[in-house]
Amino acid sequence: MRFRTVLIALVLAGGGMTASKAGPAIKGDVAKGEALMAERCAACHGPDGNSPVPSFPKLAGQHAEYLLHELNEYKEHHRDNEMMLPIVESLNQEDMVNLAVFLAAQKPAPGTVTEPALLARGKKVYLEGNPDTGVPSCDGCHEEDGAGSSRFPRIAGQNVEYTLEQFRLYTAGKRPYAKKVMRTVAERLTEHEARAVAEYLASLP
Ligand code: HEC
Ligand code: HEC
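What counts and what doesn't
For every chain, the first residue of the written sequence is number 1, and numbering continues from 1 onward in sequence order. Following the order in which they are written, the chains are lettered starting with A and the ligands numbered starting with 1. Note on the predicted model: pLDDT of at least 70 is required for a residue's local features to be given, and 80 or more for side-chain atom pairs to be given and counted; whole-chain, interface and lining totals, by contrast, use all residues. Excluding hydrogens and water, the side-chain values take into account all heavy atoms of the structure. Any N, O or S atom lying within 2.8 Å of the metal counts as a donor, and for Na, K and Ca the limit rises to 3.2 Å; water is left out, so some sites can look incomplete. By the criteria applied here, four donors are tetrahedral when all angles lie between 85 and 135 degrees, four are square planar and six octahedral when opposite donors are over 155 degrees apart and every other angle lies between 65 and 115, and any other arrangement is irregular. Under the DSSP-based scheme used, a helix requires at least four consecutive residues in state H or I and a strand at least two consecutive residues in state E, with every element numbered from the N terminus. Burial status follows relative accessibility: with a 1.4 Å probe on protein chains alone, a residue under 20% of its type maximum counts as buried, one over 50% as exposed, and anything between as partly exposed. One heavy atom suffices: a residue is near a molecule or strand as soon as one of its heavy atoms comes within 4 Å of it. Pairs of N or O atoms are called polar contacts if they sit within 3.5 Å, as long as, within protein, a hydrogen donor faces a hydrogen acceptor (for residues adjacent in sequence, only side-chain-to-side-chain pairs). Throughout this entry, Asp, Glu, Lys and Arg are counted as charged residues, while Ala, Val, Leu, Ile, Met, Phe, Trp, Tyr, Cys and Pro are counted as nonpolar. The remaining residues, Gly among them, count as polar.

A. Up close: the coordination of the iron atom of ligand 2. Around the iron atom of ligand 2, the donor atoms from the protein are His 142 (NE2) and Met 182 (SD), and they sit 2.1 to 2.3 Å away. Considering all 6 donor atoms around the iron atom of ligand 2, angles at the metal cover 87 to 179° and the coordination shape is octahedral. Here His 142, found in helix 7 (residues 139-142), pairs with Met 182, found in helix 9 (residues 182-188); they are 40 residues apart in sequence, far enough to count as distant. Residue Met 182 is classed as buried on the basis of its relative accessible area, which comes to 16%.

B. Spotlight on the site of ligand 2. In the region of ligand 2, 25 residues are neighbours, and Cys 138, Cys 141, His 142, Tyr 162 and Met 182 sit closest. The side chain of His 142 places a nitrogen or oxygen atom 2.8 Å from a nitrogen atom of ligand 2. At the level of elements, helix 1 (2-14), helix 3 (64-75), helix 7, helix 8 (160-171) and helix 9 are the ones that each hand at least two residues to the shell around ligand 2. It is helix 8 that contributes the most residues to the shell around ligand 2, 5 residues altogether.

C. Focus on the site of ligand 1. Around ligand 1 there are 22 residues in total, and Cys 41, Cys 44, His 45, Tyr 66 and Met 84 lie nearest to it. A distance of 2.6 Å separates an oxygen atom of ligand 1 from a polar side-chain atom of Tyr 66. Among the elements of the structure, helix 2 (30-45), helix 3, helix 4 (84-89) and helix 8 are those that each provide at least two residues to the shell around ligand 1. Looking at which element gives the most residues to the shell around ligand 1, the answer is helix 3, with 5 residues. Taken together, the residues of the shell around ligand 1 break down into 16 nonpolar, 3 polar and 3 charged.

That is the geometry; function is a separate question.
Have a look at this one:
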């Protein structure tokens, strides 16, 4: 409990996800976002952001603040990905806002659980963390149902492979924005816990 409070305090001190660039209520042109999505993103993320490939993140129903923030993380080379980099280079801020509001308004498709036997363990990690190793519970930030908020990303229904890859990237310091929070979380998860909680996320509607 105390550990969770400390982590939340760190996030709040760091400004969290409420991008000062756009403020909490992001306004954009959903129709323009839809057109851009079809033209430049659909091949990998699907026309509505329900990415069919397990290693690609689902974007449908994600919070606009987080989407805009992450697109800028790629643009500023804080997140390095050879597939996303050329894409974001072709987008201006207005494009990114329009894409973010379009995607936030899409209905997320249910996730795909690949190892149902791990769900019970994953649920325990999600709701209780691991007091022995200092893993905080996830619901304090991402909410009990994984829906997140304007400050913390939605992680419900996410593709298992993508989630596991993000834990690896956090541990390796490759998502530096989150180094104080998710790096600590990812470093402390055992491989088994990481897989179990990733399966549990996929099971959340
Ligand atoms: C060639 C395939 C490809 C295309 C095209 C593509 N993406 Fe991606 N996208 C990816 C991959 C792979 C990742 C995960 C990369 C990583 O691990 O950092 C990703 C990650 C993202 C993320 C981060 C998601 C998260 O949960 O943190 C956002 C946002 C995103 N893409 C939006 C877009 C948008 C908007 C477009 C179109 C303008 C687009 N992508 C086009 C492959 C693609
Ligand atoms: C103190 C708050 C906090 C706690 C506790 C927390 N997270 Fe996070 N999480 C965040 C923040 C903030 C981000 C976005 C950071 C960034 O931009 O990289 C994030 C990002 C993520 C992502 C990446 C999302 C994406 O689309 O790429 C995953 C997966 C995740 N968290 C899973 C978990 C799990 C599982 C737990 C519990 C074991 C957990 N988090 C606990 C704050 C938290």
